[in-house]
Amino acid sequence: MPKSSGHNDFLPPPAAQSVVALGQSLALARQRRKESLRSWAQRMGVAVRTLQRMEKGDPGVGMGVYALAIWLVGRSQALADVALPEFDMVALDAEVQAAQKRGRRSAP
């Protein structure tokens with residue numbers, strides 16, 4: 001039986017859809033490599049059931065499992081790039097607004 005975690009109930013739908021899409025893409029990558037669930041799970045050091053849950057996009061599967069699968073398909077750098085500061089548009093907008101406020105206060 002899969003582990004249940006209360007935080008999974010609070011995952012926003014767009015985030016949940018992204019996890020499902022990631023799982024499906026990883027499943028397709030495994031299939032294109034003609035790897036069985038058993039051999040792929042063995043290479044990852046996880047149970048076949050865990051791999052099946054990951055491929056279905058279960059958000060309860062640990063990030064380390066997803067990261068290992070991403071590494072196996074040669075895309076680990078993409079994972080590292082996900083939260084780069086230069087892509088954090090919310091923080092950038094806040095910095096721009098703060099700079100604009102400072103500019104208004106110092107205007108003659």
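Since this is a predicted model, take the numbers as computed values, not measurements.

### Side note on the confidence of the model for the protein
Residues with a pLDDT of 70 or more make up 90% of the protein, whose mean pLDDT is 90. Within the protein, the lowest mean pLDDT, 84, falls on helix α6 (residues 89-106), and the highest, 98, falls on helix α3 (residues 48-55).

### Regarding a positive patch on the surface
A contiguous patch of positive charge on the surface is contributed by Lys 101, Arg 102, Arg 104 and Arg 105. Here Arg 104 lies in helix α6.

### Examining the pattern of salt bridges
Tallying each qualifying case throughout the model produces three salt bridges. Across the pair Glu 35 and Arg 43 runs a salt bridge, and its minimum N-O distance is 2.9 Å. For Arg 43, a relative accessible area of 48% corresponds to the partly exposed category. Note that Arg 53 is salt-bridged to Asp 58, the shortest N-O span being 2.8 Å. Both residues of the pair, Arg 53 and Asp 58, count as buried.

Criteria and cut-off values
Residues numbered from 1 in each chain as written. Predicted model: local features only at pLDDT ≥ 70, side-chain atom pairs only at ≥ 80, totals over all residues. Heavy atoms only, no water. pLDDT = per-residue confidence, 0-100. Helix = DSSP H or I, 4+ residues; strand = E, 2+ residues; numbered from the N terminus. Patch = residues over 30% accessible without salt bridge, like charges linked within 9 Å, V, L, I, M, F, W, Y side chains within 5 Å. Areas by Shrake-Rupley, 256 points an atom, 1.4 Å probe, with all protein chains shown as cover. Salt bridge = Lys/Arg side-chain N within 4 Å of Asp/Glu carboxyl O. Lys, Arg positive; Asp, Glu negative; His and termini not counted. Charge placed at Lys NZ, Arg CZ, Asp CG, Glu CD. Buried < 20%, exposed > 50% of the residue type's maximum accessible area, 1.4 Å probe, protein only.

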